[in-house]
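Spelled out from the first residue to the last, the chains are:
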Amino acid sequence: MTSTVYFGTARQSRLEARETLPAKLDLILEKLQIRERVKDEMVIIKMHTGNNIGYSTIHPVFVRRVVQAVKDGGGKPFIADVNWDVSGAETRGYTHETLGCPIYPAAGPDEKYFYEYEKTFKNIKKWKLAGMVKDATFLINFSHVKGHPSCGFGAAFKNLALGCMAGETRGEMHDSMHFDQYWFPEKCSNIETIRMIAAACPFEAIVEDKKNPGQMHLHMEQCNQCGRCLQVAPEGSLKIDAANFHAFQEACAISTSITLSTFHPKKVTHLSLATHMTPVCDCFGFTSMPILPDVGIFGSDDIIAIERAVLDSTAGMKLIEENLPLVMEVHTRQGHPFQQLHGPLKDPYMVTEYGEKLGLGSRDYELVDVLPLEKVEHAALPYIPAK
Ligand code: SF4
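Residues numbered from 1 in each chain as written. Predicted model: local features only at pLDDT ≥ 70, side-chain atom pairs only at ≥ 80, totals over all residues. Heavy atoms only, no water.

Engineer: Got a minute to help me understand the overall build of the protein chain in this structure?
Structural biologist: Along its length, the protein chain carries 14 helices and 14 strands. Oriented by its inertia axes, the alpha-carbon framework of the protein chain measures out at about 70 × 65 × 45 Å. Per-residue burial for the protein chain yields a buried fraction of 54% across its 387 residues. Intrachain contacts of the protein chain at a sequence separation of at least 6 include 75% that bridge at least 24 residues. A total of about 17,400 Å² of accessible surface is found on the protein chain, and carbon and sulfur atoms cover 54% of it. (Helix = DSSP H or I, 4+ residues; strand = E, 2+ residues; numbered from the N terminus. Buried < 20%, exposed > 50% of the residue type's maximum accessible area, 1.4 Å probe, protein only. Contact = heavy atoms within 4.5 Å. Areas by Shrake-Rupley, 256 points an atom, 1.4 Å probe, with all protein chains shown as cover.)

Below you can see the structure in the form of structure tokens.
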């Protein structure tokens with residue numbers, strides 16, 4: 001089945017407000033028939049409210065328009081995010097007054113309001129779905145597109161996968177990257193060699209496991225799979241393996257499927273804003289320079305289709321390498337730009353592959369531009385400098 005993804009480009013033909021992204025969001029909300037679908041619904045707008053002094057999360061101008069559309073349609077909107085982002089959200093411009101509806105910590109102020117779902121995946125046995133997510137009857141998944149150190153990039157899946165689970169499950173999802181064995185101490189028991197392996201990593205991704213002498217710990221988020229550590233590690237002692245990196249993406253797909261299973265399929269929609277795409281996640285609490293040009297805004301009822309549309313639209317772009325923080329290194333120009341940034345094993349498409357296997361949507365999509373650029377004719381006469 002082919003799904004529809006509505007799209008508004010960040011570019012303008014003319015210097016007119018109607019050609020800018022908030023106006024294109026309005027067109028997308030019309031196409032998705034939000035007003036017609038939300039009457040009497042308790043509508044959760046799941047977004048990332050950022051952290052600390054980050055300023056590249058979705059601007060209140062956009063959120064307010066979604067809130068207004070829900071209110072116009074007779075729905076009861078509220079914003080939800082994890083507690084440590086909601087607390088302090090007002091310092092980044094997110095308040096009831098600016099957005100037009102309340103903002104709640106999804107699993108309560110102490111992360112204790114959740115519903116458990118049993119499903120074994122690597123180290124995870126129970127998934128703690130945030131109570132405010134379960135209480136809602138309609139979901140608007142409004143994500144900001146950016147890079148992510150665990151899986152290359154974060155958008156529609158990541159916004160639900162982590163943001164709709166209580167803290168314990170979020171921690172376990174990150175830990176799933178360590179479930180498959182990657183360090184084989186019987187092949188290297190010499191502490192000096194372990195220290196040499198750690199020292200070979202320019203990103204301090206490898207540390208001695210202080211609690212377990214002779215063991216090491218690999219911070220997967222910091223690893224861009226450059227392979228330098230493997231050049232000094234005794235053969236067979238260390239694996240830099242796809243299984244560890246892909247585990248997080250599969251966990252994200254499972255988590256998202258649990259969240260989506262609590263809503264009627266017609267009572268879910270997704271919006272993704274691909275502007276000011278930073279190298280790492282919004283939860284880092286700061287905003288770095290953009291690593292890709294702004295693309296625009298997307299909307300679809302199909303999470304796989306919208307995620308792939310975002311990825312496809314950025315796939316052919318060149319990383320703005322001069323904007324990268326100096327500690328980051330691009331050691332390959334192969335694959336998606338987010339992969340070039342975070343390493344070949346952090347393929348951003350993987351989460352959609354796992355999601356597709358769980359029946360969450362379709363990779364086939366039709367991209368409908370809600371306001372295509374108009375051709376602008378420039379003057380035929382040559383430029384003559386004014387005197
Ligand atoms: S592959 Fe490179 S980045 Fe990853 S741990 Fe080894 S040295 Fe560090």
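Engineer: So what exactly am I meant to see when it comes to a nonpolar patch on the surface here?
Structural biologist: Among the surface-exposed residues, I53, F284 and F286 lie close enough to one another that they form a single nonpolar patch of about 310 Å² accessible area. One can find F284 in the loop between β12 (268–274) and β13 (296–300). (Patch = residues over 30% accessible without salt bridge, like charges linked within 9 Å, V, L, I, M, F, W, Y side chains within 5 Å. Salt bridge = Lys/Arg side-chain N within 4 Å of Asp/Glu carboxyl O.)

Engineer: Can you walk me through the packing of helix α1 (residues 21–31) against helix α3 (residues 60–72) in this structure?
Structural biologist: Each pair of packed helices gets described by two things: the angle between the helix axes and the distance between those axes. Viewed as axis vectors pointing N to C, α1 and α3 meet at an angle of 25°, and their least axial separation amounts to 10 Å. Considered as vectors, α1 and α3 are oriented roughly parallel to each other. The way α1 lies across α3 gives a crossing that is right-handed. Residues L21, P22, L25, D26 and L29 of α1 form the contact with α3, whose participating residues are V61, F62, R65, V66 and A69. Residue composition of the contact of α1 with α3, grouped by class: eight nonpolar, no polar and two charged. (Axes fitted to C-alpha atoms, helices over the stretch in contact; angles between N-to-C directions. Parallel < 35°, antiparallel > 145°, perpendicular 65-115°, else oblique. Left-handed = near helix turned anticlockwise from the far one by under 90°. Nonpolar A, V, L, I, M, F, W, Y, C, P; charged D, E, K, R; others polar.)

Engineer: Teacher, can you tell me more about the side chain of Q340 here?
Structural biologist: Examined against the element boundaries, Q340 turns out to sit in helix α13 (residues 337–342). Here G335 takes part through its backbone oxygen, which lies 2.9 Å from a polar atom of the side chain of Q340. Other than its neighbours up to four places away in sequence, Q340 contacts L319, E329, V330, T332, R333, Q334 and G335. (Polar contact = N/O pair within 3.5 Å; in protein donor to acceptor, adjacent residues only side chain to side chain.)

Engineer: What am I meant to see in α1 here?
Structural biologist: For the α-helix, the turn length of 3.6 residues means that residues three or four positions removed from each other point alike. Along α1, the residues classified as buried are L21, A23, K24, L25, I28 and L29. Buried residues along α1 sit in contact with β1 (3–9), α2 (34–37), α3, β7 (138–144), β12 and β13. Q33 lies just past α1 and shows a positive phi near 55°.

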